[in-house]
Amino acid sequence: LAEFVSHPSGELCYLTRGSITYVISGVVVPDPTRAQLLAMRPGDVVLIEPPRSKTDQFGEIHCPFPSSVPFRLDPNSAGHILRQQDLDRPCRGSARSEQPLFADEHGRPYTHAVMDTLLNHMLTYCFGSNSRHSWHSMRIGLATALKAANVPDDVIQMICRWMNPESLRAYARHGQSLHINSVDQAEH
């Protein structure tokens, strides 16, 4: 959550438009023109460089390893949505390093309260009003899904940006279906 919202100190610790770099036809493009964005095709990639965080205050541990998001023509895919944001609300040059990647209608970063409210509304809509999930549980869910997909532990640790392998033991859980399948197999 801290990577999406304003910090009480005013320090810039959230993702900005400058956190995004495109790889278009094999060429790294940190500040794309409209024509370059429109030229994107499946196979191109959007790189998202993580900001400094409480677990990486100086940007030395996780920041050299951006997340890679494939560009797809599917308008619901993350790569397509990020490109569309740059097409709909162009941000060029040095302004990219200050403009929040996720911003309100005034271009300001969201607050914790706003993001918590949005999550609560989304979960209530999807699952009813008794949901007890948080933004942190989304990361746990990602780690669990990666583990179920047989992603190696060190890669899960890098994707979730955990400094300590102990985090994997606490958060990369086996899903309920694995337990059910295991019990079924043991029963037979």
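Preceding block: the structure.
Now for a look at the structure at hand. What you are looking at is a predicted structure, and each value in this text was computed from that prediction instead of being measured.

With that settled, the discussion passes to the overall build of the chain. A tally of regular secondary structure across the chain gives seven helices and four strands. Listed by position from the N terminus, the elements making up the chain come as β-β-α-β-β-α-α-α-α-α-α. Across the 188 residues in the chain, those meeting the buried criterion constitute 32%. Of the contacts made within the chain by residues no fewer than 6 positions apart, 54% connect residues no fewer than 24 positions apart. Total accessible area on the chain is roughly 12,000 Å²; 57% of this is exposed by carbon and sulfur atoms.

The next thing to look at is helix α5 (residues 153-160). Buried within α5 we find Ile156, Gln157 and Cys160. Looking down the long axis of α5, one finds its buried residues gathered within 100° of arc, a one-sided arrangement. Backbone geometry just downstream of α5 places arginine 161 in the positive-phi region, at approximately 55°.

Taken as a whole, this structure holds five salt bridges when the rule is applied. Residue arginine 92 pairs with aspartate 31 through a salt bridge whose shortest N-O separation is 2.7 Å. Here aspartate 31 lies in the loop between β2 (27-29) and α1 (34-38) and arginine 92 lies in the loop between α2 (78-88) and α3 (112-127), a separation of 61 residues in the sequence. Here aspartate 104 ties to arginine 108 by a salt bridge, and the two come within 3.7 Å at their closest N and O atoms.

This brings us to the packing of helix α4 (residues 135-148) against α5. Between α4 and α5, whose axes approach to 10 Å, the crossing angle comes to 155°. For the element pair α4 / α5, the angle class is roughly antiparallel. Viewed along their axes, α4 and α5 form a crossing whose handedness is right-handed. Judged by residue contacts, Arg139, Leu142, Ala143, Leu146 and Lys147 of α4 engage Asp153, Ile156, Ile159 and Cys160 from α5.

Our next topic: unusual backbone geometry. Phi is positive for serine 25, close to 55°, though the residue is something other than glycine. Among the structural elements, serine 25 can be located in the loop between β1 (20-24) and β2. When its relative accessible area of 61% is taken as the criterion, serine 25 is described as exposed.

With respect to the element layout, serine 94 can be found in the loop between α2 and α3. C-alpha separation for the pair serine 94 and aspartate 31, spaced 63 residues apart in sequence, amounts to 9.3 Å.

Extensive coverage of β1 is indicated by the burial of five of its five residues. Between β1 and β2, which follow one another and run antiparallel, lie two residues, and serine 25 among them has a positive phi close to 55°.

So, on to α4. Counted at 1.5 Å a residue, the expected span for α4 with its 14 residues is 20 Å, and the 20 Å between its end C-alpha atoms agrees. Along α4, the residues that are buried comprise Ser137, Ile140, Ala143, Thr144 and Leu146. Among the residues trailing α4, asparagine 150 stands out with phi positive, at a value near 60°.

One key point about sheets: their strands pair by backbone hydrogen bonds, in either a parallel or an antiparallel sense. Spatial ordering of the open sheet is given by β2-β1-β3-β4, a layout of four strands whose pairing is antiparallel. With partners counted over all chains shown, the strands left at the sheet margins are β2 and β4 (67-70), one partner each. Strand-to-strand twist in this sheet, taken as the mean axis angle between neighbours without regard to direction, amounts to 25°. Sheet strands touched by α2: β1, β3 (45-48) and β4. Its angle to β1, the strand with the most contacts, is close to 105°.

Among the structural elements, aspartate 44 can be located in the loop between α1 and β3. Reaching out from aspartate 44, the side chain makes a polar contact with the backbone nitrogen of serine 25 at a distance of 2.8 Å. Residues within four places of aspartate 44 in sequence aside, it is in contact with Val23, Ile24, Ser25, Ala39, Pro70 and Phe71.

Calculation notes
Residues numbered from 1 in each chain as written. Predicted model: local features only at pLDDT ≥ 70, side-chain atom pairs only at ≥ 80, totals over all residues. Heavy atoms only, no water. Helix = DSSP H or I, 4+ residues; strand = E, 2+ residues; numbered from the N terminus. Buried < 20%, exposed > 50% of the residue type's maximum accessible area, 1.4 Å probe, protein only. Contact = heavy atoms within 4.5 Å. Areas by Shrake-Rupley, 256 points an atom, 1.4 Å probe, with all protein chains shown as cover. Arc of directions from axis to C-beta. Salt bridge = Lys/Arg side-chain N within 4 Å of Asp/Glu carboxyl O. Axes fitted to C-alpha atoms, helices over the stretch in contact; angles between N-to-C directions. Parallel < 35°, antiparallel > 145°, perpendicular 65-115°, else oblique. Left-handed = near helix turned anticlockwise from the far one by under 90°. Pairing = 2+ DSSP bridges. Expected span 1.5 Å × (residues − 1). Polar contact = N/O pair within 3.5 Å; in protein donor to acceptor, adjacent residues only side chain to side chain.

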